[in-house]
Amino acid sequence: MTRRWHLRTLLIWLLCTSSLVTFVVIGAVLFFVRVPQITAETRAELSADATDLAHRSEVILGALEAQLDMLAALMAATPGVDVQAALDQAVAEGGAFVAIYQVGADDAIARVGVAHSAGLGRREQLVGNDLSRDPLLLRVRSRREAAWSDKYISPVSGAITVGIGVPAGRGVLVGEVPLAYLLKTLRAASGSGAQGVSILDRRGEVLADSDRPGRVGTVNLAGEALFLRARETRDPIGTVVLDGRRFDAALAHSHGLDWYFLVRSPSGIANPRIGPAVDLGVAALVGSLLLGVLLAPFWATSVARPINAITERARRVADGEAPGEWPRLRTFELNNLSADLERMHQVLRAREQELQAIFDASPVGIGVLDPQRDYAFIKVNEAVCQLLGLPASRLLGYTGVDIALWDDPAERAEFYTRLSSQGIAQTEALLRRGDGNRFLAAIITRNVSIAGLARTVWVVRDVTALRRIESEIRQLNTELEARVEKRTEQLHQANTELAATVERLQLTLGELVRAEKLASLGSLVAGIAHELNTPLGNGVMAVSSVRGALSTFRAQSAGGLRRSMLDQLLEAVDTGTDIAGRNLARAAELVTSFKQVAADQTSSQRRGFDLDELTSEIVLTLRPLLKKSGATIEVSLPPGIHLESYPGPLGQVLTNLVSNAVTHAFEGRSDGHIRIGVDPAADDRVVIRVDDDGSGIAPTLLPRVFDPFVTTRMGRGGTGLGLHIAHNLVVQVLGGSIAVHSEPGVGTRFVLDLPRVAPLAVAGAGTAPPTVG
């Protein structure tokens, strides 16, 4: 369960929480931002101090190197000088050296100068010692310049010391410097800073330490990551661990001394700059938090008081009481809240009155029942009172049993039981009005929750008249069904008669097609006779001429045969036979063409043929028709267009199109022109174009031009089947399409789009004979 808070307690808790969050955020910023910044600044300062320390130490210790160089120069420039006295003077009390060796060319100690504090008795023990393996001596000889050594045990004093070697002629001068002098030099070079400083030799051994001299000889930093990085990176910075404590540190390398100078400062909170800053930040944040905790109750009370006043007014509104005057506050947002709540109260009240008015004005009876009190009426509108004939005072607080509302109490019990289990129920039942009259009511109920209270919405309508009308409608529907059945029988008889009529029309269409076939055959025979008439007549005339020449020769030869007579006869026979042969060959050629056309149009066989040859043969059969009408035809087909199709149906289509143009397009004219050509198409198709410059087709007739019995010459010899048959042949037999484009007064164009190889699926389709539409 969600915990609830008083507004004042919640505000106090929020203020304390915000202060705590502020404390955490600022602390995090201080820890994760400022602390790393201070650390980076500290390390940068340490790096600069380490570099400066290395430089200063080189200057201070360089004086010792110069002192040995002067001594070596003196010994080389003055051969008779007392070397032992010079060495003794150089290590006199108060000097930096505790011992100075002169090493000869054979790497053996030739002379030794020893300070009195180290004991003069050690001098004789050192003379003659072989230093050929001494690292310092080897470095000086290999580099031929001054060099400083790592830490080692002095053979003179037995203490930890360091040495400096300088070339001296063929030998080397080696001076021992005590670590105490190095510490003194370190402190002088580092000044009075707060950082800790150390000097490390090449092996990481501590030679001097400003904080703890005891680290000398006991601490080695060769394993520290900072020291390892110093061999690869110049002047590295990072951290080191000394005596279990972590320090921010910087390491600087002195090339003259070949030593490392370490400058360090405590890391983290122990950093002198970080610690005070963190302490100051924590103090400020804690102070702010305490101040917030002390002021939170007073602030929360001042904020909660006006809100409580607004809440009290809102509670009164919820309880249905008059809220009184809404408070006006100094806080802008709270004042707006109070004003908005007041306006919302006014709007809600207006809407409540509006809904109540709609509820009361509804023509449908609506009531609200209490299921906890056996569905007693707790609210009804005026329509319920009028329907039941009872005033509201006789309904509110009473159940249907109390006012004897239901004609059958058992039906009421079953209805409300179903409502309880399903949440929604409807029925039609007989109810009683206040005067005892009964009526059929349609009742719809639904359980709802209003403001957390279980309620039932009860809707009732008087459906007595509606059900009576429905009964009358059902009776009318029964009568209508009988009438529809009778009408259906009449329609069936009419359909039977119509089917018989269609069958007769089909027979008539067949007769017309046969009539068109006879007309086509007559046209074909007429064309054949016309074309054969000329060559046959010429042949007869030639034979007659030969016969006349023979008669003349017989008559002339009776009086005596002369050579000239024989020559005339031979010339006449030669000329006649030549004329007769050529005309008879022409007649044979025409008969062959007519036979092919007739065979194609009657058999509808599929074969290969050239389009230009087929078209020429068709045009040849149409010459009598064209000559009679005065029309001319132009064929422009390129050779080599080969088709594997049905020449008979294609010839019929071309014949019908040309005949249709002669009959319709050039009616009343004697100068018509027809053109047959092809348009570009794909390799497997051919597009044939038949144009005429006739009168064109009317726009109203153009969409129906391929329908049967569509003609402008009905009753004047036209049947309207020519273009219909052409369309069927193109689509059903040739497997293509036919389109028409026409403009009245300009002409008409028919376009045949055909495959070069006709489909086999329609190879057996029937064809119609050519006809003239």
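Here the structure is shown first, and the text comes after it.
*Asks:* Summarise the overall build of the protein chain; cite the residues concerned and give the values.
*Replies:* Broken down by element type, the protein chain carries 16 helices and 23 strands. For the protein chain, the proportion of its 773 residues judged to be buried stands at 38%. A fraction of 57% describes how many contacts in the protein chain between residues 6 or more apart in sequence connect residues 24 or more apart. About 42600 Å² of surface is accessible on the protein chain, with carbon and sulfur atoms providing 57% of the total.

*Asks:* Before we move on, can you summarise helix α2 (residues 83-90) with the specific residues and values?
*Replies:* Buried within α2 are the following residues: Val83, Gln84, Ala86, Leu87 and Ala90. For α2, the arc enclosing every buried residue in end-on projection is 160 degrees, short of the 170-degree limit, so these residues lie on one face.

*Asks:* Mind laying out the packing of aromatic side chains, listing which residues take part and the relevant values?
*Replies:* A full pass over the atoms with the stated rule returns 8 aromatic pairs. Considering the side-chain rings of Tyr375 and Tyr416, the 4.2 Å spacing of their centres and the 15 degrees angle between planes classify their relative orientation as stacked. Here Tyr416 lies in helix α10 (residues 409-422) and Tyr375 lies in the loop between β12 (365-370) and β13 (376-380), a separation of 41 residues in the sequence. A relative accessible area of 6% means that Tyr416 is categorised as buried. Measuring from centroid to centroid gives 5.2 Å for Phe377 and Trp458, while their planes differ by 80 degrees, and the two rings are edge-to-face. Pair noted here: Phe377 is in strand β13 and Trp458 is in strand β16 (residues 453-462), with a separation of 81 residues, a long-range link. As far as burial versus exposure is concerned, Phe377 and Trp458 are alike and both buried. Among the aromatic residues, those joined into a cluster by ring pairs are Tyr375, Trp406, Phe415 and Tyr416. A cation over a ring is seen here: Arg264 above Phe247, with NZ or CZ 5.8 Å from the ring centre.

*Asks:* Outline the environment of Thr445, listing residues and values.
*Replies:* Note that Thr445 resides in strand β15 (residues 438-450). Looking at Thr445, the relative accessible area reads 1%, which means it is buried. Put simply, Thr445 and Val368 are 77 residues apart on the chain and 9.5 Å apart in space, counted from C-alpha to C-alpha. Residues contacting Thr445, with those up to four places away along its chain left out, are Phe415, Leu419, Ile424, Ala425, Thr456, Val457 and Trp458.

*Asks:* Describe the side chain of Thr456, listing the residues and the values that go with them.
*Replies:* Tracing the chain through its elements places Thr456 in strand β16. Excluding anything up to four places from it in sequence, Thr456 contacts Gly367, Val368, Leu369, Pro371, Tyr375, Leu419, Thr445, Arg446 and Asn447.

*Asks:* Residues and numbers for the sheet that holds strand β9 (residues 237-242), please.
*Replies:* Hydrogen bonds between backbone atoms are what pair the strands of a sheet, whose relative direction is either parallel or antiparallel. An order of β8-β7-β11-β10-β9 is seen for the 5 strands of this open sheet, with the pairing classed as antiparallel. Where the open sheet ends on each side, the last strands, each with one partner, are β8 (206-209) and β9. Neighbouring strand axes in the sheet, compared pairwise and without regard to direction, differ in orientation by 35 degrees on average. Of the strand pairs in this sheet, strand β10 (residues 245-254) and strand β11 (residues 259-266) are connected by 8 bridges, and their pairing is antiparallel.

*Asks:* I'd like to hear about unusual backbone geometry, residue by residue, with values.
*Replies:* With a phi close to 55 degrees, Arg144 is a non-glycine residue in the positive phi region. Its place among the elements puts Arg144 in the loop between α4 (135-143) and β3 (147-148). With a phi angle near 55 degrees, Asp243 is a residue other than glycine that sits in the positive phi range. Note on placement: Asp243 falls in the loop between β9 and β10.

*Asks:* Any details on the pattern of salt bridges? Residues and values, ideally.
*Replies:* If charged atoms from side chains of opposite charge come close, those side chains can pair. In total, this model carries 28 salt bridges according to the counting rule given. Its salt-bridge partner being Arg343, residue Asp340 comes within 2.4 Å of it at the nearest N-O pair. Of the two residues, Asp340 and Arg343 are both situated in helix α8 (residues 332-361); the distance of 3 residues between them amounts to about one turn of the helix. A relative accessible area of 38% places Asp340 in the partly exposed class.

*Asks:* Would you mind going over the packing of helix α7 (residues 274-318) against α8 in detail, with residue names and values included?
*Replies:* In a pair of packed helices, the angle between the axes and the distance between the axes together describe the arrangement. Taken N-terminus to C-terminus, the directions of α7 and α8 make an angle of 0 degrees; their axes are 11 Å apart at the nearest point. Considering the angle they form, α7 stands roughly parallel to α8. Contacts from Val303, Pro306, Ile307, Ile310 and Val317 in α7 reach Leu334, Leu337, Ser338, Leu341 and His345 in α8. Of the residues assigned to the contact of α7 with α8, the class counts are 8 nonpolar, 2 polar and no charged.

*Asks:* Before we move on, could you go through the packing of helix α13 (residues 611-621) against helix α15 (residues 647-665) and cite the residues and values that matter?
*Replies:* One way to put it is that α13 packs onto α15 with a least axis distance of 10 Å and a crossing angle of 55 degrees. By the angle between their directions, the pair α13 and α15 is classed as oblique. Taken as a pair, α13 and α15 cross one another with a handedness that is right-handed. The residues of α15 that touch α13, namely those facing Leu611, Leu614, Thr615 and Ile618, are Pro647, Leu650, Gly651, Leu654 and Thr655.

Calculation criteria
- Residues numbered from 1 in each chain as written.
- Predicted model: local features only at pLDDT ≥ 70, side-chain atom pairs only at ≥ 80, totals over all residues.
- Heavy atoms only, no water.
- Helix = DSSP H or I, 4+ residues; strand = E, 2+ residues; numbered from the N terminus.
- Buried < 20%, exposed > 50% of the residue type's maximum accessible area, 1.4 Å probe, protein only.
- Contact = heavy atoms within 4.5 Å.
- Areas by Shrake-Rupley, 256 points an atom, 1.4 Å probe, with all protein chains shown as cover.
- Arc of directions from axis to C-beta.
- Phe/Tyr/Trp six-rings, centres within 6.5 Å; stacked < 30°, edge-to-face > 60°.
- Lys NZ or Arg CZ within 6 Å of the ring centre and 35° of its normal.
- Pairing = 2+ DSSP bridges.
- Axes fitted to C-alpha atoms, helices over the stretch in contact; angles between N-to-C directions.
- Salt bridge = Lys/Arg side-chain N within 4 Å of Asp/Glu carboxyl O.
- Parallel < 35°, antiparallel > 145°, perpendicular 65-115°, else oblique.
- Nonpolar A, V, L, I, M, F, W, Y, C, P; charged D, E, K, R; others polar.
- Left-handed = near helix turned anticlockwise from the far one by under 90°.

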